[in-house]
Amino acid sequence: MDTSRPGKTRVTSVSLRAETLEAIRERAGKQGVSSYIEEAVQRQLQREAIDEYIAAAEAEHGAVDPAEVLDKAERIRAHHAAHHRESAPADAA
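Residues numbered from 1 in each chain as written. Predicted model: local features only at pLDDT ≥ 70, side-chain atom pairs only at ≥ 80, totals over all residues. Heavy atoms only, no water.

Undergrad: Quick question: what am I supposed to make of the overall build of the chain here?
TA: Within the chain, the secondary structure is distributed over three helices and zero strands. Counting helices and strands in the order they occur from the N terminus, the chain gives α-α-α. Within the chain, the fraction of its 93 residues that count as buried is 3%. Element-wise, carbon and sulfur atoms account for 54% of the exposed surface of the chain, whose accessible area totals about 8700 Å². (Helix = DSSP H or I, 4+ residues; strand = E, 2+ residues; numbered from the N terminus. Buried < 20%, exposed > 50% of the residue type's maximum accessible area, 1.4 Å probe, protein only. Areas by Shrake-Rupley, 256 points an atom, 1.4 Å probe, with all protein chains shown as cover.)

Below, the structure is given as structure tokens:
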């Protein structure tokens, strides 16, 4: 396990299907199974916290309008595309 990660660790036992464990071992590589599973669980906890935050915000303010989300996402993409073009080095042709 990555010893540079802050926080105490404890040994526990989990049961996984054999094919799941094999897939983890194939992907984990030098990182190790424990670190791989730790990171996966942390991502899941973050997703659940975000889902809870969204649910609380929607309970207080109402549901988000999907058309508004698409509009804002497009505006962000356009902004980033324009910024990327401005900061790209000129061709040296």
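Let us keep going from here.
Undergrad: It is not clear to me how the side chain of S35 should be interpreted in this structure. Could you clarify?
TA: Among the structural elements, S35 can be located in helix α2 (residues 33–61). Here S35 falls in the buried class, since its relative accessible area comes to 1%. In terms of polar contacts, S35 uses its side chain to reach the backbone carbonyl oxygen of Q31, at 3.4 Å. (Polar contact = N/O pair within 3.5 Å; in protein donor to acceptor, adjacent residues only side chain to side chain.)

Undergrad: Even after reading the chapter, I still don't get the pattern of salt bridges, so can you show me in this structure?
TA: In a structure, side chains of opposite charge can pair up when their charged atoms sit close to one another. Scanning the model with the defined rule gives two salt bridges in all. For E19, the salt bridge identified is with R17, shortest N-O distance 3.3 Å. Residue E19 is classed as exposed on the basis of its relative accessible area, which comes to 51%. Put simply, E74 and R77 hold a salt bridge, and the shortest N to O gap is 3.5 Å. Of this pair, E74 and R77 both sit in helix α3 (residues 66–87), separated by three residues, roughly a single helical turn. (Salt bridge = Lys/Arg side-chain N within 4 Å of Asp/Glu carboxyl O.)

Undergrad: So what exactly am I meant to see when it comes to a nonpolar patch on the surface here?
TA: There is a patch of nonpolar side chains on the surface, built from I50, Y53 and I54 and spanning about 340 Å² of accessible area. Topologically, Y53 is positioned in helix α2. (Patch = residues over 30% accessible without salt bridge, like charges linked within 9 Å, V, L, I, M, F, W, Y side chains within 5 Å.)

Undergrad: Where do I start with the packing of helix α1 (residues 18–28) against α2 in this structure?
TA: In a packed pair of helices, the relevant descriptors are the angle between the two axes and the axis-to-axis distance. Between α1 and α2, whose axes approach to 9 Å, the crossing angle comes to 100 degrees. Between α1 and α2, the angle is such that the two are roughly perpendicular. Within the contact between the two elements, α1 uses L21, I24, R25, R27 and A28 and α2 uses V33, Y36 and I37. (Axes fitted to C-alpha atoms, helices over the stretch in contact; angles between N-to-C directions. Parallel < 35°, antiparallel > 145°, perpendicular 65-115°, else oblique. Contact = heavy atoms within 4.5 Å.)

Undergrad: Can you walk me through the confidence of the model for the chain in this structure?
TA: If pLDDT is low for a region, its predicted coordinates should not be looked at in detail. With 86% of its residues at a pLDDT of 70 or more, the chain shows a mean pLDDT of 89. Confidence, read as mean pLDDT per element, is least for α3 in the chain (91) and greatest for α1 (97). (pLDDT = per-residue confidence, 0-100.)

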